[in-house]
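# Summary of the model geometry
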Amino acid sequence: ENSPSADSKPRILLMGLRRSGKSSIQKVVFHKMSPNETLFLESTNKIYKDDISGSSFVNFHIWDFPGQVDFFDPTFDYEMIFRGTGALIFVIDAQDDYVEALGRLHLTVSRAFRVNPEINFEVFIHKVDGLSDDHKIETQRDIHQRANDDLADASLEKLHLSFYLTSIYDHSIFEAFSKVVQKLIPQLPTLENLLNIFISCIFVNIFKIYIATDSSPVDMQSYELCCDMIDVVIDVSCIYGLKDDSNSNAYDKESLAIIKLNNTTVLYLKEVTKFLALVCILREESFERKGLIDYNFHCFRKAIHEVFEVSSSTQRTGAAVHSS
Ligand code: GDP
């Protein structure tokens, strides 16, 4: 675990009290479980390591801790764990009394910050599907206030917490995860520039976590459409596309899908790398210039392969430079 190559991969830790929803988040986002099935999940009672090769450039682990991690247990080497962590996600159940959770949050982030101040601290205010809109905002405000008051009391003003309202019953969990992952990708500005050659598009991995978008803000509706497009392509090819030999893949170089919508736009999905796809929402008239789109796509794909080949070879040799 503490070899240099393992350290160069951003690791994401998922923590929180028992029953806060950690296993459900992990199953829904990375294992395509439907939200209703999570009702029957066994509660987590050990440190769980999930190796997810989300793409060639974000390899991350999710460590699902039991709620009651004992920092004073000498067999639990939290220093080693925090040292190799890129982001720590703390899940708080918003449908429950969150006083105890706030105490654990404070204890956890202050410990982690002392070991590694570079960690991104992300708080998921979770299960908000059960809350009215007013209640959501009030809960977020209250949790934000209390958590930051605790930090100020401990003179830890430098420790920054980011907050997200999440639920596994809609796309908010994918959107929050996307933002967490994006902060860990040094090539992000390059990606955004590359995407600006398209009109409106989203660069996603097959777990529906979007890695980058063009510089116009993403609206939830477009994002949901793009997610649905990925589901359609992967589900249909899993069910009807796979041949019996174990070598075939549901998602490969040939993967491509076009759906014309009734509002004069076109959804366009195309494979970029083994785990990444470009999903664009194009105006119908731009889609008529198919040659231009193909040409732009070809440039984009080539650039992505260059950007990530460079960065993975610098990672292998341990050099700290990144292409920009
Ligand atoms: P863990 O102990 O932190 O791993 O928690 P689990 O993943 O086992 O979740 C505990 C319960 O919370 C399960 O019954 C889930 O179905 C439920 N749950 C998880 N996420 C959500 C959510 O976003 N909304 C709602 N309403 N329930 C959720």
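Now for a look at the structure at hand.

Calculation criteria
Residues numbered from 1 in each chain as written. Predicted model: local features only at pLDDT ≥ 70, side-chain atom pairs only at ≥ 80, totals over all residues. Heavy atoms only, no water. Helix = DSSP H or I, 4+ residues; strand = E, 2+ residues; numbered from the N terminus. Buried < 20%, exposed > 50% of the residue type's maximum accessible area, 1.4 Å probe, protein only. Axes fitted to C-alpha atoms, helices over the stretch in contact; angles between N-to-C directions. Parallel < 35°, antiparallel > 145°, perpendicular 65-115°, else oblique. Contact = heavy atoms within 4.5 Å. Nonpolar A, V, L, I, M, F, W, Y, C, P; charged D, E, K, R; others polar. Near = heavy atom within 4 Å. Polar contact = N/O pair within 3.5 Å; in protein donor to acceptor, adjacent residues only side chain to side chain. Areas by Shrake-Rupley, 256 points an atom, 1.4 Å probe, with all protein chains shown as cover. Phe/Tyr/Trp six-rings, centres within 6.5 Å; stacked < 30°, edge-to-face > 60°.

## What to know about the environment of G130
Here G130 is to be found in the loop between β5 (120-126) and α5 (133-153). Take G130: its relative accessible area is 52%, and that puts it in the exposed class. Through-space distance from the C-alpha of G130 to that of N116 is 35 Å; in sequence the pair is 14 residues apart.

## Remarks on the packing of helix α2 (residues 22-30) against helix α6 (residues 172-182)
The interhelical angle for the contact between α2 and α6, taken along N-to-C directions, is 90 degrees, at an axis separation of 10 Å. Taken as axis vectors, α2 and α6 run roughly perpendicular relative to one another. Between α2 and α6, the contacting residues are I25, V28, V29 and F30 on the first element and I173, F174 and F177 on the second. Considering only residue class, the contact of α2 with α6 consists of seven nonpolar, no polar and no charged.

## Considering the site of the ligand
Taken together, 19 residues are adjacent to the ligand, and K22, S23, S24, T38 and D129 come closest. Between the ligand and the protein, one listed contact pairs an oxygen atom with a side-chain N or O atom of K22 at 2.8 Å. Interatomic distance of 2.9 Å between a side-chain N/O atom of K127 and an oxygen atom of the ligand. Starting from 580 Å² of accessible surface for the ligand in isolation, the protein chains cover 93%. It is α2 that contributes the most residues to the shell around the ligand, three residues altogether. Its residues assigned to classes, the shell around the ligand shows four nonpolar, ten polar and five charged.

## Quick notes on unusual backbone geometry
Residue R19 is not a glycine yet carries a positive backbone phi of 70 degrees. Along the chain, the position of R19 falls in the loop between β1 (12-16) and α2. With relative accessibility at 54%, the residue R19 sits in the exposed group. One non-glycine residue, S155, adopts positive backbone phi at about 55 degrees.

## Focus: the side chain of N116
Take N116: it is sitting in the loop between α4 (99-115) and β5. At 3.0 Å, the side chain of N116 and the backbone nitrogen of E118 are in polar contact. For N116, the contacting residues outside a window of four places in its chain are F82, R83 and T85.

## Brief notes about the packing of aromatic side chains
Inspection of every chain in the model, using the stated rule, returns three aromatic pairs. With centroids separated by 5.5 Å and ring planes inclined at 75 degrees, the aromatic side chains of F124 and Y164 adopt a geometry described as edge-to-face. Within this pair, whereas F124 is found in strand β5, its partner Y164 is found in strand β6 (residues 161-165), the two being separated by 40 residues in sequence. Each member of the pair, F124 as well as Y164, carries the same accessibility label: buried. Counting every residue linked through ring pairs, the aromatic cluster contains F124, Y164 and F177.

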